[in-house]
Amino acid sequence: MITKGMYTIRACTIAIGIAFLSACASMNQLDCHNADWHAVGLMDGTHGKTLNVYENYDRDCSKVHVTPDRRLYLEGRSEGLAVLCTKPQGYEFGREGGEYEYVCPRALEKAFLEGYRPGNRLYTSELLIKRIDDAIAKLTRSNRELQVDIDNLEFQMQEGSDNVGGQREKLEQIGMRKSEMARNQASIDDFIGKKDQAIVEYKLVIQANRVLGFPEEEKY
């Protein structure tokens, strides 16, 4: 039986986000002695974890002479999977970047995948745009730093304290930095074009998801 409290747990876990999806895969001594194995199974089920996680618990806890209650864990995990393996929660799981490892019972998997796949497509399309933005930002920072170097070198040359060889070396350094800036700018221009295409594809995903009953506000 799936209670209201279980749905509350699911809502909380979705809000926590991707960082928590890989949490609690191991147990320390205190965890092993104090664990509520039904609750642990419930949480793992709502996060779509495989039974390999239980084997990790069993291995960790054996080091402190504790045996996890497999029956309680499996009962909780089954209830957690029942919460997760629905179309709406499948969408949220995919939307948050969760990696589905085919843990849903066969009777529930079809509905889960009907939500998970469009949610995951949206996550993937947004992730691509974010990575492009990060790449542009990194190159832009590099060019700002290079420009500061150039300004400093040019100021030193204007002071006229170097001999001819020193002046020539600074000119070479300035030239190398300007060349690097030009390469960075070319990469930025290329990424801008890729971002434009990625946004087009993102909007298509948004439109398709709306048709499927998953309304989303466009971010881009």
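For the structure itself, look to the data block above.
First, a word on what this report is: a plain description of the structure on this page.

Cut-offs and rules
Residues numbered from 1 in each chain as written. Predicted model: local features only at pLDDT ≥ 70, side-chain atom pairs only at ≥ 80, totals over all residues. Heavy atoms only, no water. Helix = DSSP H or I, 4+ residues; strand = E, 2+ residues; numbered from the N terminus. Phe/Tyr/Trp six-rings, centres within 6.5 Å; stacked < 30°, edge-to-face > 60°. Buried < 20%, exposed > 50% of the residue type's maximum accessible area, 1.4 Å probe, protein only. Salt bridge = Lys/Arg side-chain N within 4 Å of Asp/Glu carboxyl O. Axes fitted to C-alpha atoms, helices over the stretch in contact; angles between N-to-C directions. Parallel < 35°, antiparallel > 145°, perpendicular 65-115°, else oblique. Left-handed = near helix turned anticlockwise from the far one by under 90°. Contact = heavy atoms within 4.5 Å.

Remarks on unusual backbone geometry
At His65, a residue that is not glycine, the phi angle is positive and equals roughly 60 degrees. Checked against the element boundaries, His65 lands in the loop between α4 (52-62) and α5 (70-84).

Quick look at the packing of aromatic side chains
A complete count under the given rule lists 11 aromatic pairs for this structure. Residues Tyr91 and Phe214 carry aromatic rings whose centres are separated by 4.1 Å and whose planes lie at 5 degrees to one another, so their mutual orientation is stacked. Placement of Tyr91 in helix α6 (residues 87-95) and of Phe214 in the segment after α8 (164-211) is noted, with a sequence separation of 123 residues between them. Each member of the pair Tyr91 and Phe214 is classed as buried. Look at Phe112 and Tyr116: their rings are 5.5 Å apart centre to centre, the planes differ by 15 degrees, and that puts the pair in the stacked class. With Phe112 and Tyr116 both in helix α7 (residues 106-159) and four residues apart, the pair spans about one turn of that helix. On the basis of relative accessible area, Tyr116 is assigned to the buried category, the value being 12%. Aromatic rings pair up to connect Phe93, Tyr100, Tyr102, Phe112 and Tyr116 into one cluster.

Quick look at the pattern of salt bridges
Evaluation of the coordinates by the stated rule reveals 13 salt bridges. Put simply, Glu126 and Arg95 hold a salt bridge, and the shortest N to O gap is 2.9 Å. Of this pair, Glu126 sits in helix α7 while Arg95 sits in helix α6, and the two are 31 residues apart along the sequence. Overall, Arg95 belongs to the buried group, its relative accessible area being 13%.

Section: the packing of α6 against α7
With their axes 6 Å apart at the nearest point, α6 and α7 run at an angle of 25 degrees to one another. Classified by the interaxial angle, the pair formed by α6 and α7 is roughly parallel. As for the relative orientation of α6 and α7, their crossing is right-handed in sense. Mapping the contact onto sequence places Lys87, Gly90, Tyr91, Phe93, Gly94 and Arg95 in α6 and Ala111, Phe112, Glu114, Gly115, Tyr116, Pro118, Gly119, Asn120, Leu122, Tyr123 and Glu126 in α7.

Quick notes on the environment of Gln89
For Gln89, the location among the structural elements is in helix α6. Among the residues examined, Gln89 registers a relative accessible area of 16% and is labelled buried. A sequence separation of 27 residues divides Gln89 from Tyr116, and the C-alpha atoms of the two residues are 7.8 Å apart.

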